[in-house]
Amino acid sequence: MKKIILIISAFVVIAAAGVFLKQQKEEVAHLPKPKTFIHSVAVVKAKVQTVEDKREFLAQLQATDSAYIASKFSANIKKIYVNENDIVKKGELLIALDDSEIKANLASLNQQKVALQADLNNAKRILQRNKKLYEIEAISKEAYDNSNVVYKNKYSALKSVKEKIKQTKSQLQYLNIKAPFSGRVGAKLANNGSLALPGKPILTLNSDDQKLLFTFVDGDKPILQGQKVYIDNKLIGEISKRYDDAKNGLLVAEIKPYKALPYANKSYKTIEVVVDSNKGCTLPLNALLHQKDGVFIMLYKDNKFVAKKVSVVLQDNKRALLTECVQGSVATASEAKLSILPSYGEVDIDGK
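Anyway, here's the lowdown on the structure attached to this text. (Residues numbered from 1 in each chain as written. Predicted model: local features only at pLDDT ≥ 70, side-chain atom pairs only at ≥ 80, totals over all residues. Heavy atoms only, no water.)

**Comments concerning the state of the cysteines**
In protein chemistry, a disulfide is the covalent bond that joins the sulfur atoms of two cysteines. Evaluated as defined, the whole model comprises one disulfide. The disulfide that involves Cys281 links it to Cys325, with 2.2 Å between the sulfurs. Residues Cys281 and Cys325 are joined by a disulfide whose S-S torsion is about 60°; by sign, that bridge is right-handed. Taken together, the residues Cys281 in strand 15 (residues 268-284) and Cys325 in the loop between strand 20 (319-322) and strand 21 (330-332) connect sequence positions 44 residues apart. With a relative accessible area of 40%, Cys325 lands in the partly exposed category. (Disulfide = S-S within 2.5 Å. Helix = DSSP H or I, 4+ residues; strand = E, 2+ residues; numbered from the N terminus. Buried < 20%, exposed > 50% of the residue type's maximum accessible area, 1.4 Å probe, protein only.)

What follows is the structure, encoded as structure tokens:
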């Protein structure tokens, strides 16, 4: 009887276990499947390009020739014919000064000249007469000498007035101030009716030719004649010369633009000077991983990423030039992401 009860109990336990396992299996079957993670990584391939190493400086734009236009003597300004930013040609009339005072002085000198010429002619006649009288001993030598002295004094006085007339006429030429060279008017420093003083500027004039000047300290890669210069990533010219004289203890270099720059005279612009350049195999900067023991890239090989050490020869703000070319796809990402790529295992990539 006990055996029968044990057998029945065993069958009940087995049946209950079967039902439980079936229920567990059904519950597991209805559980959501685990999510498969896909790591998407952008990749690039090395390209043969030219990389330029640039140094940045602050340069001042100046006219090759610049002049302060002023009067040589005091006179009122009758008219200024130009304004700021006007383009003028060499010899073009810029300023007319009041000539009334000088013309009045010239008229007075001409009157003096006429009077002195008459006096000189009279003195000459007297001298010639006295000479004849002296030769026949009709007058004394003293009388003859006096007439000769009078003639010479009249002659000197007339010569002096003629020289003053010549100088006054030359002053008239300076009353019309003309452009010494072709260029553009910079600043207008006086107005019509103002008093022009000797040496005090009335206008500034800048030539069409331009130059850029900047100061620097020599480094491992020096500034040299012929190096290319960029403004806002555009090639605008090259280093034309280095000055012998320093400025405030700094070296000075001059840039010759290829064409006129659309900036105001004496304005400052940030320039980039190409101090080194080379062509070879390049990768974007976001493909580089900087570690304590060197620079690495993540090379895609056998469906996963492996770290490969590289040597950078040169770099600009976008690309790095490597000593040897890399074959295959290289990951591009932030350095934090690049550092963990080898732990991903198999990885899908964009641009494989």
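**As for the environment of Leu289**
As for its position among the elements, Leu289 is in strand 16 (residues 289-291). For the pair formed by Leu289 and Ala333, sequence separation is 44 residues and the distance between their alpha carbons is 9.4 Å. Apart from residues no more than four positions distant in its own chain, Leu289 is found in contact with Gly294, Val295, Phe296, Met298, Glu335, Leu338 and Ser339. (Contact = heavy atoms within 4.5 Å.)

**Observations concerning the nonpolar core**
For soluble globular proteins, nonpolar side chains are generally found buried alongside one another. With 22 residues, the main nonpolar core has Ile69, Ile77, Leu94, Ile95, Leu97, Ile202 and Leu203 as its most contacted residues. Elements with a minimum of two residues in this core: strand 3 (66-70), strand 4 (75-80), strand 6 (93-97) and strand 10 (201-207). In terms of nonpolar packing, the next biggest core, distinct from the first, is built from 17 residues, Ile223, Ile231, Ala253 and Ile255 among them. (Core = buried A, V, L, I, M, F, W, Y, C linked by side-chain atoms within 4.5 Å.)

**Re helix 2 (residues 100-135)**
Counted at 1.5 Å a residue, the expected span for helix 2 with its 36 residues is 52 Å, and the 52 Å between its end C-alpha atoms agrees. Buried residues belonging to helix 2 abut helix 3 (141-174). (Expected span 1.5 Å × (residues − 1).)

**Section: the sheet that holds strand 7 (residues 176-178)**
A sheet is described by the order of its strands in space; here four strands give the open sequence 7-6-4-9, paired in antiparallel fashion. With one partner strand each, in any of the chains shown, strand 7 and strand 9 (195-196) form the two edges of the open sheet. Examined bridge by bridge, strand 4 and strand 9 share two bridges and lie antiparallel to one another. Residue Ala75 lies in a different strand from strand 9, and its bridge partner there is Ala196. (Pairing = 2+ DSSP bridges.)

**Here we look at the pairing of strand 20**
Residues in a regular strand project their side chains so that they alternate between the two faces of the sheet. Residues of strand 20 alternate between two faces, with Arg319 and Leu321 on one and Ala320 and Leu322 on the opposite face, all of them buried. In the sheet, strand 15 pairs with strand 20 via three bridges, with the strands oriented antiparallel. Paired with Pro284 across the bridge in strand 20 is Arg319. Taken together, the three bridges between strand 19 (residues 312-315) and strand 20 define a ladder with antiparallel strand orientation.

**Overview of the side chain of Thr204**
Looking at the element boundaries, Thr204 is found in strand 10. Of the polar contacts made by the side chain of Thr204, one reaches the backbone nitrogen of Ala187; its length is 2.6 Å. Dropping the residues within four chain positions of it, Thr204 is found in contact with Ala67, Tyr68, Arg184, Val185, Gly186, Ala187 and Leu189. (Polar contact = N/O pair within 3.5 Å; in protein donor to acceptor, adjacent residues only side chain to side chain.)

In short, geometric facts, not functional conclusions.
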